[in-house]
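Here is how the chains run, residue by residue.
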Amino acid sequence: MQRSRQLQLEVQLTYSMAEDNISLNILTKPQFREWIQNGMAGYKLPSTERMRNVMLPKLVAATKQRSLELLKSCTSLNIILDIWSSKQMMGIKHMPGRHTAANVFAEYEQIIGEWQIPFQSISQDKTDGGSNVVANTFYIPIPGWKEFEDVSCVRDYTENFDDGSITSAPAVSNGNGDEEDMRDWKSTLSRLKSKTTMIGTSSTKVEAASSVKKAGKIVSYIRKSVLDTEKLFKAVGFRLPNENATRWNSQYLMLRKLLEAFEKASYLQETLNATKKLGKLSAYELLVLKELVALLKPFKQASDDFQDDFESIGNVIPSFLGLRTTLCLKIKDRHGVEVPNPASTLSKTIKHLKNVAATLEKSLASRFSYVLYDFYYVLGALLDPPFKKLWIKRSEHSDSDILSAVKVQLEARYRHYRDCKYFATGQIASDDEVVEAPAEESEVLEEPCSQSIGPGKIIEFEAYLTEPNVPFEQPSNPHDPESKLMKTRPLQFWKTNSHRFSFLSVVARDSLSVPASSGAIERSYSTGTDILCAKRNRTKPDLFSNLMFIKCNAKVNATALS
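Sequence positions are assigned chain by chain, starting from 1 and proceeding in written order. Given that the model is predicted, a residue must reach a pLDDT of at least 70 before its local features are reported, and side-chain atom pairs must reach 80 or more before they are shown or counted; all residues, however, enter totals for whole chains, interfaces and linings. Side-chain numbers come from the whole structure's heavy atoms, not from hydrogens or water.

### Remarks on the overall build of the protein
In plain terms, the rule: Helix numbering and strand numbering both begin at the N terminus, where a helix is a DSSP run of H or I of at least 4 residues and a strand a DSSP run of E of at least 2. Burial classes follow relative accessibility: with a 1.4 Å probe on protein chains only, a residue under 20% of its type's maximum area counts as buried, one over 50% as exposed, and anything between as partly exposed. Methods summary: accessible areas were calculated by the Shrake-Rupley approach with a probe of 1.4 Å, and residue burial reflects only the protein chains presented.
Across its full length, the protein carries 23 helices and eight strands. Buried positions account for 47% of the 562 residues belonging to the protein. For the protein, the computed accessible surface area is about 28800 Å², with 51% contributed by carbon and sulfur atoms.

### Topic: a positive patch on the surface
For the record, the criterion: In this analysis, a patch consists of residues with relative accessible area above 30% that form no salt bridge, clustered at 9 Å for like charges and at 5 Å for the nonpolar side chains Val, Leu, Ile, Met, Phe, Trp and Tyr. What makes a salt bridge here is a side-chain nitrogen of Lys or Arg within 4 Å of a carboxyl oxygen of Asp or Glu, nothing more. Only four residue types enter the tally: Lys and Arg on the positive side, Asp and Glu on the negative side; His and the chain ends are excluded. Here the site of a charge means NZ on Lys, CZ on Arg, CG on Asp, or CD on Glu.
The grouping of Lys330, Lys348, Lys351 and Lys354 at the surface amounts to a positive patch. What makes lysine 354 partly exposed here is its relative accessible area of 38%.

### With respect to the confidence of the model for the protein
Rule in force here: The pLDDT value expresses, per residue, how confident the predictor is, ranging between 0 and 100. We call two residues in contact whenever any of their non-hydrogen atoms come within 4.5 Å of each other.
On average, the protein scores 76 in pLDDT, and the residues at 70 or more come to 78%. Counting interchain partners and residues more than four positions distant, the pLDDT-below-50 stretch residues 135-201 has 179 contacts. Throughout residues 430-454 the model reports pLDDT below 50, and contacts reaching past four residues in sequence, or to other chains, amount to 32 contacts.

### With respect to the packing of helix H3 (residues 48-73) against helix H23 (residues 541-552)
Basically, it comes down to this: Angles shown run from 0 to 180 degrees and are taken between the N-to-C directions of axes, each axis being a line fitted to C-alpha atoms and, for helices, limited to the stretch in contact. To sort the angles, those under 35 degrees are grouped as roughly parallel, those over 145 as roughly antiparallel, those from 65 to 115 as roughly perpendicular, and the leftovers as oblique. Here a crossing is called left-handed whenever its near helix is offset anticlockwise from the far helix by less than a right angle, and right-handed whenever the offset is clockwise. Note on residue classes: Ala, Val, Leu, Ile, Met, Phe, Trp, Tyr, Cys and Pro are nonpolar, Asp, Glu, Lys and Arg are charged, and everything else, Gly too, is polar.
Running from N to C, H3 and H23 cross one another at 45 degrees; their axes reach a closest spacing of 10 Å. Relative to H23, the element H3 is oriented oblique. Of the two elements, H3 crosses H23, and the hand of that crossing is left-handed. Here Arg52, Leu56, Pro57, Leu59, Val60, Thr63 and Lys64 of H3 lie close against H23, whose contacting residues are Leu543, Asn546, Leu547, Phe549 and Ile550. Taken together, the residues of the contact of H3 with H23 break down into eight nonpolar, two polar and two charged.

### Overview of the environment of leucine 278
Looking at the element boundaries, leucine 278 is found in helix H12 (residues 273-278). Note on leucine 278: relative accessible area 32%, which makes it partly exposed. A sequence separation of 57 residues divides leucine 278 from tyrosine 221, and the C-alpha atoms of the two residues are 8.9 Å apart. When near neighbours in sequence (up to four residues on either side) are disregarded, leucine 278 contacts Lys214, Lys217, Ile218 and Tyr221.

### Describing helix H9 (residues 226-236)
Stated formally: By construction, the arc corresponds to the directions joining the helix axis to the C-beta atoms.
Every buried residue of H9 is accounted for by Asp228, Thr229, Leu232 and Val236. Each buried residue of H9 sits inside an arc of 100 degrees when the element is viewed along its axis, so together they form one side. Opposite the buried face of H9, at more than 90 degrees from it, the exposed residues are Val226, Leu227 and Lys234. Backbone geometry just downstream of H9 places glycine 237 in the positive-phi region, at approximately 85 degrees.

Printed below as a string of structure tokens:
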């Protein structure tokens, strides 16, 4: 076999070992080696030692080199910051000492330096709610608005977003000495489970908690009983999921499936050993659980949406306001009389858990009201083409207040781009230049868009807002209206229209590339758990690190092993 072909197969095999999570011991199995030799004449299968000590490190080095090239070409980066270790206390990269805020920040700076990332290219850091990561953050209020009530508790390191420092969530005291990160959506969602089980003192809340607890016991009994499991599966065609202490939505899924099973086959309550031993769920308890599932359903949808790789920061404010409206079951009419909220989809559904809805609404507002004062979230919502200004009417602010404040920040950002990086590379026209649309798309505008009109290119922002909102879904084939509908991708819109909005498209790229949550890094940690499974728990740290790095960066597609 030619040397080039041998190397090509080695690269593919190395990727397969990392991406497909194949144990290196397979290279020692006689049957596997014989199968490879019979199928690929002339190919010399590497030994386990060569794979571990030569091929994997070479692919890691090639992937890192290619990653460094890509990072150098980026003008804007967003970082998701978190810490993870396995049950064996092994991490992807060893972090010595205690995980204090100071040590985390020192490690962060070291990694930034190692990967040659200039601070001025970092748009934002995304973290979870751990006090050791949010303690290093600061808050950027939009100027000209009433200050957010909790801003005084924020540890403010700087007031200028142009310096490229870490720009993440405020650390806000809850009065009990704990610090909670209000930036990451999952910080609240992960606490919803405790909110629904550790409910306050009113009789309605106690009964709701009691119903949830009883339902959990019934599900747990069914899952441990072979007879009950088989009986339920034959009746409804599915098995019940169990709740998980680390996933709030597992309780929602458990309750939803249990109710679905009892609705499909109501006789199960009479025949299951679980209900015979623990007691049936009464009609009232079933109603309470149905209302609780209805309350948690929109949170589940938001949680799933925000963990999508394509979901950006622009969707946070509209989702927050939508949830707040849904939970607001009553409003006062012009006579001061409370009436059902016509904008809430639950106002006619929730009869017994109105106090629980009010508790969730209060919790949601206390943790996320700050996004209405944060420049990144406000600008992201405005630059999301399907939303634009639609959300403002529900935000309790006026169009003029929000737009005037945003324009001030846009002018500051324009000066930052002009002074730092973008004009030098020709990405944005300078004040005395005029940018015209490409000839094939010139029909979009009646005349060339002058980039010198208005201070700080505000004319682009105003022109964008006057155009009709983009639909939330568009045909996958623009030339075929009957083709499959796909969700509108804001970043794709700005890339397509960058010739018309040379300045605003760069701002939109920097803003809308910020993820809505840190779900992506959590999936990476799940990958680490898969690698360090029960049969591979003695994997050495360097091998684990190499396998993780290749698997998480496989799209970089580094192919050099020679």
